[in-house]
Amino acid sequence: MLKLSWVIFFSFILLTRVYGTVDDTIEELQAQLKEETSETAIIDLMNQLSRAFNRSDINKTYSYAQDAYDRSEKIDYKEGLVKSLFYLALYYDRTGDRLMSIEYNTRSLEIAKLINDYKFIIAISNNLGYNFYNLGLYDRALTLYFEALPYAEKNEEDNMNVLILENISNVFLALGDLDKENIYYEKSVEVAKKSSDPRLDYIPDLYLAKQATTAENYILADAYYTSSLYKAHNASHQSYVLRQFALSKKTEKKYLEAEKKLLSAIELTANSLGVGKLLATKFELVQLLNEMSRYQESLEITEELLTNYKEENTQKSLLLDIHIAAAEAYQQTGQSNKAIANYTASMIIKDSIFSEQKIKIINGLDVKYNLKEKEKENYYLRLEQEKTELISNQQKKIVVFTTLLLVLLSAISILLFRANRQKRQFNEKLGEQVNYKTLELQKTNLELKESNMELERFAHIASHDLKEPLRSISSFSQLLERNLDKPNSKNDLKEYASFIQRNAKQMNNLIEDVLE
């Protein structure tokens, strides 16, 4: 309840930023309305005025929204119907009539789905989920939250994504599933950390502040709460941070500081938010006053709450707590009859809650089944989105790879073409050189052959010329040998020797000719 009670105003802030700025003054809008002639433009201006008056005059919010609705219905202007029904639902939220708020939000959601206006689908589903949560219809609340969550994630609506995740966390807390409560709350913090939306800047510090409070490090908790409060951009966020800050101070037993925080939160709530939020914040103050034994002040607020509270529009558990708190205060101030009356009322409500609990236990399997189905549906939707992104990325990679491959193949082809051309030119040049060398070799062989033939002829002639003086030398040597012992052979011997010398000289000349 603590974390969910600021939902309605936050959704209103979202749509204010989406469909126009608050800086458009009421006077300017009314002046434009007087001059406008287009029916659809008139309807849009009326819806803007309904939104603008939501903070200052709730009755004019209703008047302009109703007029815009009537005009939209006449011309079947779907966008006008969605907005006007949404602002009428906000009016009933502010006045505490939750059942009427559910009726108008449901009609607005049906038309928003027809025209696929995802911003309003997110905001209206979230508001409806909040209403069903406060009525104890957790399965219907979760159904709406899980339907809205993919729209917020897909369209990067970080602020609503955070809010829905935190609301889912609160529903699991109410169902007693602390593990899932913590999982979804941490998911909301992670989205806030990654977001560039300044409206979410306060959430990470608030988360750290809660952790520090749990660890009883109150000095660190105070620092984070102060930082978170400074970063909160609107009354709704500031009120929520102040309530959490007060809870930390109450845990620390610093009751007066906790009271100051709650009074500040009540002032912010009274100026800008709905009855449901105001009642919840005031009840927290009642609990604190009872703990401080300031029962008379507690009773004044409790009587106001019981007067303004509509049982059919919110959780019976809160009404039960109020009656119990009132009974305790009456008993402590000696007003026994009133204490008994409140105890009796609390017992009746408790029996009613017990009967509802039995029905919920009987239908518990259906609730869990629906919850699991919604979680599974959301999981598969995310999986499908991731699959689509993966396929897209793979296709991009394939295109890049194919392009690179084509470029590489083109480069290789060019290189191969150039290499083949150079090879062909080299082969042609080499062939020419081989042919030239072959011709030269053939010519050399021919010359060598002719030289060999000349050499053979020369050898033949040289051998014949050399043999001739050798034969003469041999013959005259034999004659010289036979005539050595003969008398009167001196002249013959000289002649023989002379022949031998002439032939030797002739032979020497031939050898020198050969060597030359």
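What counts and how
Residues numbered from 1 in each chain as written. Predicted model: local features only at pLDDT ≥ 70, side-chain atom pairs only at ≥ 80, totals over all residues. Heavy atoms only, no water. Helix = DSSP H or I, 4+ residues; strand = E, 2+ residues; numbered from the N terminus. Buried < 20%, exposed > 50% of the residue type's maximum accessible area, 1.4 Å probe, protein only. Contact = heavy atoms within 4.5 Å. Areas by Shrake-Rupley, 256 points an atom, 1.4 Å probe, with all protein chains shown as cover. Salt bridge = Lys/Arg side-chain N within 4 Å of Asp/Glu carboxyl O. Phe/Tyr/Trp six-rings, centres within 6.5 Å; stacked < 30°, edge-to-face > 60°. Lys NZ or Arg CZ within 6 Å of the ring centre and 35° of its normal. Expected span 1.5 Å × (residues − 1). Arc of directions from axis to C-beta. Axes fitted to C-alpha atoms, helices over the stretch in contact; angles between N-to-C directions. Parallel < 35°, antiparallel > 145°, perpendicular 65-115°, else oblique. Left-handed = near helix turned anticlockwise from the far one by under 90°. Nonpolar A, V, L, I, M, F, W, Y, C, P; charged D, E, K, R; others polar. Core = buried A, V, L, I, M, F, W, Y, C linked by side-chain atoms within 4.5 Å. Polar contact = N/O pair within 3.5 Å; in protein donor to acceptor, adjacent residues only side chain to side chain.

Trainee: Which parts of the structure should I look at to understand the overall build of the protein?
Mentor: When helices and strands are tallied, the protein shows 20 helices and 0 strands. A buried classification covers 42% of the 516 residues belonging to the protein. Taking contacts inside the protein between residues at least 6 apart in sequence as the whole, the part at least 24 apart equals 62%. Within the structure as shown, the protein displays about 29,300 Å² of accessible surface, and the carbon and sulfur contribution to it stands at 55%.

Trainee: I tried to follow the pattern of salt bridges on my own but got confused; where do I start?
Mentor: Oppositely charged side chains may form a pair once their charged atoms are brought near each other. Taken as a whole and judged by the stated rule, the model has 17 salt bridges. The salt bridge involving Glu39 is made with Arg71; its shortest N-O contact spans 2.9 Å. Placement of the pair is Glu39 in helix H3 (residues 39–53) and Arg71 in helix H4 (residues 58–75), with a sequence separation of 32 residues. Between Glu190 and Lys193 there is a salt bridge, and its shortest N-O distance comes to 3.8 Å. Separated by 3 residues within a single helix, Glu190 and Lys193 lie in helix H10 (residues 178–194), roughly one turn from each other. The structure contains a network of salt bridges with shared partners spanning Asp222, Lys249, Glu252, Lys254 and Glu257.

Trainee: When you look at the packing of aromatic side chains in this model, what are you seeing that I'm missing?
Mentor: How two aromatic rings sit relative to each other is given by the distance of their centres and the angle of their planes. Under the defined criterion, the tally for this structure stands at 12 aromatic pairs. Here the aromatic cluster, defined as three or more aromatic residues joined through ring pairs, consists of Tyr62, Tyr91, Tyr92 and Tyr104. The ring of Tyr184 is capped by Lys187, whose NZ or CZ atom sits 4.8 Å from the centre of that ring. The positively charged end of Lys261 is found above the aromatic ring belonging to Phe245, 4.3 Å away from the centroid.

Trainee: What should I look at first to understand H10 in this one?
Mentor: In an α-helix, one turn spans 3.6 residues, which is why side chains three or four residues apart end up on the same side. For H10, built from 17 residues, the straight-helix expectation of 24 Å at 1.5 Å per residue is met to within 8% by its first-to-last C-alpha distance of 25 Å. For H10, the set of buried residues is Glu181, Tyr184, Tyr185, Ser188, Val189, Val191 and Ala192. The arc that holds every buried residue of H10, seen down its axis, measures 160 degrees, which confines them to one face. Within H10, the exposed residues directed more than 90 degrees away from the buried face are Asp179 and Lys194.

Trainee: Help me out: how do you make sense of the environment of Asn342 in this one?
Mentor: Here Asn342 shows up in helix H18 (residues 336–362). By relative accessible area, Asn342 is classed as buried at 9%. Residues Asn342 and Ala326, 16 residues apart in the sequence, show an inter-C-alpha distance of 6.6 Å. Excluding residues that lie within four positions of it along the chain, Asn342 makes contacts with Leu306, His323, Ala326, Ala327 and Tyr330.

Trainee: For this particular structure, what's the right way to read the packing of helix H5 (residues 78–95) against helix H6 (residues 98–114)?
Mentor: Each pair of packed helices can be described by the angle between their axes along with the distance between the axes. One way to put it is that H5 packs onto H6 with a least axis distance of 8 Å and a crossing angle of 160 degrees. Between H5 and H6, the angle is such that the two are roughly antiparallel. With respect to the hand of their crossing, H5 and H6 are arranged in left-handed fashion. Along its contact with H5, which presents Lys78, Leu81, Val82, Leu85, Phe86, Leu88, Ala89, Tyr92 and Asp93, the element H6 presents Arg98, Met100, Ser101, Tyr104, Asn105, Arg107, Ser108, Ile111 and Ala112. Partitioned by chemical class, the residues of the contact of H5 with H6 number 11 nonpolar, 3 polar and 4 charged.

Trainee: I'm lost on the nonpolar core in this one. Help?
Mentor: Buried together is how nonpolar side chains tend to be arranged in soluble globular proteins. Within the largest apolar cluster, 61 residues are counted, with the highest numbers of intra-cluster contacts made by Ile124, Ile164 and Ile168. Per element, the largest residue contribution to this core is 10 residues, and it comes from H5. Ignoring any residue separated from it by four or fewer positions in sequence, one finds Ile164 in contact with Ile122, Asn126, Tyr145, Ala148, Leu149 and Ala152.

Trainee: Can you help me understand the side chain of Ser84 in this one?
Mentor: Of note, Ser84 is situated in helix H5. Residue class for Ser84 comes out buried when judged on its relative accessible area of 0%. Among the polar contacts listed, one links the side chain of Ser84 to the backbone oxygen of Gly80, at a separation of 2.8 Å. In this view, Ser84 contacts Asn47, Ala65, Ala68 and Tyr69; residues no more than four positions away in its chain are not counted.

Trainee: Even after reading the chapter, I still don't get the packing of H10 against helix H11 (residues 202–214), so can you show me in this structure?
Mentor: Between H10 and H11, the shortest axis-to-axis distance is 8 Å and the interhelical angle comes to 140 degrees. By the angle between their directions, the pair H10 and H11 is classed as oblique. Residue-level inspection shows Tyr185, Glu186, Val189, Ala192 and Lys193 of H10 in contact with H11, the latter providing Ile203, Pro204, Tyr207 and Lys210. For the contact of H10 with H11, the class distribution of residues is 6 nonpolar, no polar and 3 charged.

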